[in-house]
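Okay, here's what each chain looks like letter by letter:
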Amino acid sequence: MSHKLFRHSILSTARVWDFLKQVDATEAQACRAARCPRCGGALHSATYPRKPHGLAAGLRDDVRRFSLCCSVCRRRVKPASVRFFGRRFYVGALFVVVSALAVAGGVRLQTIARRWGIPSSTLKRWRRWWLEAFPLTRQWQAKRSELAAPPEEPPLRWLLRNMRGSSLRSRVLRSLVWLMPWTGLCALGAGRASPAESVSVMHG
Ligand SMILES: [Zn+2]
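Fair warning: this is a prediction, and the values are worked out from it, not measured in the lab.

In this section: the overall build of the protein. Of the regular secondary structure elements, the protein holds 9 helices and 5 strands. In the protein, the succession of α and β elements from N to C terminus is α-α-β-β-α-β-β-β-α-α-α-α-α-α. Here the protein holds 204 residues, and 34% of them are scored as buried. Of the contacts formed within the protein by residues at least 6 apart in sequence, a portion of 63% connects residues at least 24 apart.

Written out as structure tokens, the structure is:
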């Protein structure tokens, strides 16, 4: 599995992956402190292994997603994540960057598929999700007014273009932080997520 972005270490260095893991750990802590959303019981750690695509081989080993389980009603609570975007097999950064290319148009999907080693059918699904499902999510409905995004522009393109950062890497990292409410159950309905700008993101 070779992805150009990751081969060139823009986002898949151990340092970046560690940073993303720390963001996830902080989110999991906050989620745990908020207790069970159903019964208020204490939440216990219940991490599970994942083998996300798009990550350098050495980094893929020993990857676990933070997850919590209620000690009373046994409900599983998934904290939001900057490493995993829902159940998708690819790491969040790859999902966001390649989706942006697919949404932008101009380049044929088959070309993107070949270059990134991701099936066209997957790219079509991602594009449909960003263009059709994402604008209807209540997170976007709520955040859109906050952002004053123009209605005609696909949200993902707008997001990547407007996230502050001197490099693609810092823009992608900030976007991942900003997109956290879409990635876990815990963040849903928890009100406004903290602004991406308030999170310290590595530069470069
Ligand atoms: Zn519970």
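This next bit is on helix 4 (residues 92–104). Think of an α-helix as turning once every 3.6 residues; residues three or four places apart then point the same way. Relative to the 18 Å expected for 13 residues at 1.5 Å per residue, helix 4 spans 18 Å between its end C-alpha atoms, a close match to the ideal helical length. Among the 13 residues that make up helix 4, 11 are buried, leaving the element largely enclosed by the rest of the structure. The positive-phi residue at the C-terminal boundary of helix 4 is Gly105, with phi of around 75 degrees.

The next subject is the confidence of the model for the protein. Per-residue pLDDT for the protein has a mean of 82; in total, 84% of the residues score no lower than 70. This stretch, residues 188–204, has a pLDDT under 50; its non-local contacts, to residues over four places away or in other chains, come to 22 contacts.

Before going further, it helps to examine the packing of helix 4 against helix 9 (residues 168–178). The contact between helix 4 and helix 9 brings their axes to 10 Å, and the two run at 110 degrees. As summarised for this structure, helix 4 and helix 9 are arranged roughly perpendicular, according to the angle between their axes. Every residue of helix 9 that contacts helix 4 at Gly92, Ala93, Val96 and Val97 is listed here: Val172, Ser175 and Leu176. Residue composition of the contact of helix 4 with helix 9, by class: 5 nonpolar, 2 polar and no charged.

Here we take up the environment of Glu27. Structurally, the position occupied by Glu27 is in helix 2 (residues 14–33). Between the C-alpha atom of Glu27 and that of Ala80, which follows or precedes it by 53 residues, the distance is 6.6 Å. Not counting chain neighbours up to four residues away, the residues in contact with Glu27 comprise Pro79, Ala80 and Met180.

Next up on the list: the sheet that holds strand 5 (residues 76–77). Read from one edge to the other, the open sheet built from 3 strands follows the order 1-4-5, with strand pairing classed as antiparallel. Looking at the sheet topology across the chains shown, the edges are occupied by strand 1 (43–45) and strand 5. The pairing of strand 4 (residues 68–70) with strand 5 spans 2 bridges and is classified as antiparallel. The residue of strand 5 that forms the bridge with Leu68 is Val77.

Here we take up unusual backbone geometry. For Arg35, which is not glycine, the phi dihedral falls at a positive 65 degrees. Note on placement: Arg35 falls in the loop between helix 2 and strand 1. The residue Asp62 is not glycine, and still its phi comes out positive at about 65 degrees. Position of Asp62 among the secondary structure elements: in the loop between helix 3 (57–60) and strand 3 (64–65).

Conventions and cut-offs
- Residues numbered from 1 in each chain as written.
- Predicted model: local features only at pLDDT ≥ 70, side-chain atom pairs only at ≥ 80, totals over all residues.
- Helix = DSSP H or I, 4+ residues; strand = E, 2+ residues; numbered from the N terminus.
- Buried ≥ 20, exposed ≤ 12 C-beta atoms within 10 Å, placed from the backbone.
- Contact = placed C-beta atoms within 7 Å.
- Expected span 1.5 Å × (residues − 1).
- pLDDT = per-residue confidence, 0-100.
- Axes fitted to C-alpha atoms, helices over the stretch in contact; angles between N-to-C directions.
- Parallel < 35°, antiparallel > 145°, perpendicular 65-115°, else oblique.
- Nonpolar A, V, L, I, M, F, W, Y, C, P; charged D, E, K, R; others polar.
- Pairing = 2+ DSSP bridges.

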